[in-house]
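Structural characterization, general
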Amino acid sequence: MTEVTILCPTGHLGFTPLEKDSFLAGCELKPDFIIADSGSCDIGPYPLGADGQASPAAWQKHDLEVMLLAARRLGVPMIIGSASDTGTDRGVAQYVALMQEIAAEHGLAPFRLAAIESELKPAAVREMLRAGTPIHGLDGRPEADDALLARTDRIVAVMGGEPIAAALAGGADVVIAGRASDCALFAAPLLNAGMSPATAYYAGKLMECASFCCEPFMGKESIYGQIREDDIRVTAMHPGQRCTPASLASHAMYERRDPFREYVVSGHVDMSECRYEQVAEKTTRATGPRFVPSATPMVKLEGAGKVGERRLAVVGMRDPYMIQNIDKAIAWARARLAERFGKPEEAGWQVFYHLYGRDGVMGPMDPTPPAQPHEIGVVVETLCQDGKRAEEICALAARNLFYARLPEVKGTAGAAALMSDEVLTGKPGYEWTLNHVMPVKDPMELFRTRFLTVDGTARRAA
């Protein structure tokens, strides 16, 4: 029976540098492929909308260099997806340039690189919509329309395994892919080896975040996968970690709206009947996935657009009466802002009061906010198209908390304290505009692949 082995050193390349020792231990097992994802929606809409990156280039280069040198030494393909955090064309070009730079620095022999682009122009998507292609909202979002696309600055399509598999079949030694489903990176070589989509995508789901599927928790450590049809074995490479049935099953449910389904372009993996078995001290075996093909391939679109300039202020509170009445104080402060700057929905500004110590992380969704915290840190955040106006609104939004007119307040100070009497300039505010799917005739049609030869010896000699 065909077996493919995969080494995965990190669940988000460059987000923090990978741990090299467990990766090198995995290399000693001579994997067939070295694979890592480099992107996420967890970082919020700013990097996509602004076409920037969430990770320092030096950290990205560190991870790419460790992986590329090992892959070329072992003579095995290397696959990177969602290049530079968001998988835009800029991110793909950046990673291609880093591959060339690393190859030249180390005098690497020539290798074939495939760059797969997945960015779509909003105008092109608008034309598809006007031509009759529906764009369906996910998680309760409405159907996309012209107004939504007009608010969108940048869009990426999320590829399945097909474009990556085609690049490997075309002789790529290194694949740098734009935005991709995390599991698709691992599925691609397995599909080429003749394995079913069930096994291929399920293996990818289990391995996509590296050591997150092991215990105890350790980030950025490597895992090693041995995959046969309906027989996936995952081993922790760090000497202090184990891959267990509980840790692997937990990760299968990780970041899923439905814990038993993993959606890709061509369908979804049904994980409801999967089984997990400890087969060695550090290794767990998983079996039982089922693939349900879609009647029509559906490509996910992610889009982000700029909302405005962002300003921040930090206020601390320890007065029990003020904390007990903080919602009334905020309501009073909001009313004064509207008097001065106009109603926010009409005048184009927004203000948010994040109450750390009460419900600053989950907000109104917090199931158990403390009844009476002894201390609250208030992060005041404003958004407005005009930066100077955003700063003025933020300053007043914070300072008004000092002057909130509450019953029983007799003193003139002490209800609130500024961390620093200044307004901080944050990065511009962006919103997710597209979390949608679009039907396609072919899972490959929205993605563009180009091949190039990277010759480190030639560049070094020059």
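One structure accompanies this document, and this report is about it. Bear in mind the structure is a predicted one, so any value in this text is a computation, not a measurement.

1. Remarks on the overall build of the protein
For the protein, the count of helices and strands is 15 helices and 22 strands. Over its C-alpha atoms the protein spans a radius of gyration of 25 Å, differing by no more than 12% from the 23 Å that the globule rule assigns to 462 residues. Dimensions of the protein along its principal axes, counting C-alpha atoms only, are 80 × 55 × 50 Å. Within the protein, the proportion of its 462 residues that are buried is 51%. Considering only residue pairs separated by 6 or more positions, the protein has 79% of its internal contacts joining residues 24 or more positions apart.

2. Examining unusual backbone geometry
The omega torsion of the bond from Glu215 to Pro216 falls at -5°, within 30 degrees of zero and hence cis. The topology assignment puts Pro216 in the loop between helix 9 (197–207) and strand 9 (223–228). Phi angles above zero are rare outside glycine, and Ser82 is one such case at about 50°. Tracing the backbone shows Ser82 in strand 3 (residues 78–85). Backbone geometry at Lys220 places phi at a positive 70°, although glycine is not the residue there. Within the secondary structure, Lys220 is located in the loop between helix 9 and strand 9.

3. Side note on the packing of aromatic side chains
For any pair of aromatic rings, the description rests on two quantities: the centre-to-centre distance and the angle between the ring planes. For the structure shown, the criterion picks out five aromatic pairs. The interplanar angle of 75° and the centroid separation of 5.6 Å between the aromatic rings of Tyr46 and Tyr430 together place this pair among those described as edge-to-face. With a gap of 384 residues between them, Tyr46 in helix 2 (residues 46–50) and Tyr430 in strand 21 (residues 429–439) connect regions that are remote in the sequence. Overall, the relative accessible area of 25% leaves Tyr46 in the partly exposed class. Residue classification places Tyr430 among the buried positions, given a relative accessible area of 18%. Over the face of the ring belonging to Phe451 we find Arg112, whose NZ or CZ atom lies 4.1 Å from the ring centre. The lysine or arginine in question, Arg336, covers the ring of Trp332, its NZ or CZ lying 4.9 Å from the ring centre.

4. A look at the pattern of salt bridges
This model, assessed by the stated rule, comprises 29 salt bridges. With a shortest N-O distance of 2.7 Å, Glu339 and Arg336 are connected by a salt bridge. Highlighted residues: Glu339 and Arg336, both in helix 12 (residues 326–341), separated by three residues, approximately one helical turn. Given a relative accessible area of 59%, Glu339 falls into the exposed group. By relative accessible area, Arg336 is classed as partly exposed at 23%.

5. A closer look at the pairing of strand 9
By the bridge criterion, five bridges tie strand 1 (residues 4–8) to strand 9 in an arrangement that is antiparallel. Opposite Cys8, over in strand 9, you have Ile223 as the bridge partner. Across six bridges, the pairing between strand 9 and strand 10 (residues 231–236) is antiparallel. Looking across to strand 10, one finds that Ile227 is bridged to Ile232. Taking the residues between adjacent antiparallel strands as the criterion, strand 9 and strand 10 are bridged by two residues, where Asp230 takes a positive phi near 55°.

6. Considering the sheet that holds strand 15 (residues 290–293)
Read from one edge of the open sheet, three strands run 11-12-15, paired in antiparallel fashion. At either margin of the open sheet sits one strand with a lone partner, and together these are strand 11 (261–264) and strand 15. Across this sheet, the average inter-strand angle for adjacent strands is 20°, counted without regard to direction. The pairing of strand 11 with strand 12 (residues 267–270) spans four bridges and is antiparallel. Paired with Arg261 across the two strands is Asp270, which belongs to strand 12.

7. Here's the deal with the sheet that holds strand 4 (residues 111–117)
The 10 strands are arranged 13-14-10-9-1-2-3-8-4-22 in an open sheet whose pairing can be described as mixed. The open sheet has two free edges, formed respectively by strand 13 (275–280) and strand 22 (448–454), since each of these has just one partner strand. Adjacent strand axes in the sheet meet at a mean angle of 25°, parallel and antiparallel pairs treated alike. For strand 3 and strand 8 (residues 174–177), the ladder comprises three bridges, and the chain directions are parallel. By the bridge assignment for strand 8, Ile80 is matched with Ile176. Across the sheet, helix 9 is in contact with strand 1, strand 9, strand 10, strand 13 and strand 14 (283–287); its angle to strand 9 comes to roughly 165°.

8. Some words on the side chain of Glu302
In this structure, Glu302 sits in strand 16 (residues 298–317). Classification of Glu302 as buried rests on a relative accessible area of 5%. There is a polar contact of 2.9 Å between the side chain of Glu302 and the side chain of Arg179. Look past the residues within four positions of Glu302 in its chain and what remains in contact with it is Cys41, Leu48, Arg154, Ile155, Val156, Val158, Arg179 and Leu434.

9. Structural notes on the environment of Gly75
Examined against the element boundaries, Gly75 turns out to sit in the loop between helix 3 (57–74) and strand 3. Looking at Gly75, the relative accessible area reads 53%, which means it is exposed. Sequence separation between Gly75 and Asp32 is 43 residues, and the spatial gap between their C-alpha atoms is 8.7 Å.

About the cut-offs
- Residues numbered from 1 in each chain as written.
- Predicted model: local features only at pLDDT ≥ 70, side-chain atom pairs only at ≥ 80, totals over all residues.
- Heavy atoms only, no water.
- Helix = DSSP H or I, 4+ residues; strand = E, 2+ residues; numbered from the N terminus.
- Rg over C-alpha atoms; globule rule 2.2 N^0.38 Å.
- Buried < 20%, exposed > 50% of the residue type's maximum accessible area, 1.4 Å probe, protein only.
- Contact = heavy atoms within 4.5 Å.
- Phe/Tyr/Trp six-rings, centres within 6.5 Å; stacked < 30°, edge-to-face > 60°.
- Lys NZ or Arg CZ within 6 Å of the ring centre and 35° of its normal.
- Salt bridge = Lys/Arg side-chain N within 4 Å of Asp/Glu carboxyl O.
- Pairing = 2+ DSSP bridges.
- Axes fitted to C-alpha atoms, helices over the stretch in contact; angles between N-to-C directions.
- Polar contact = N/O pair within 3.5 Å; in protein donor to acceptor, adjacent residues only side chain to side chain.

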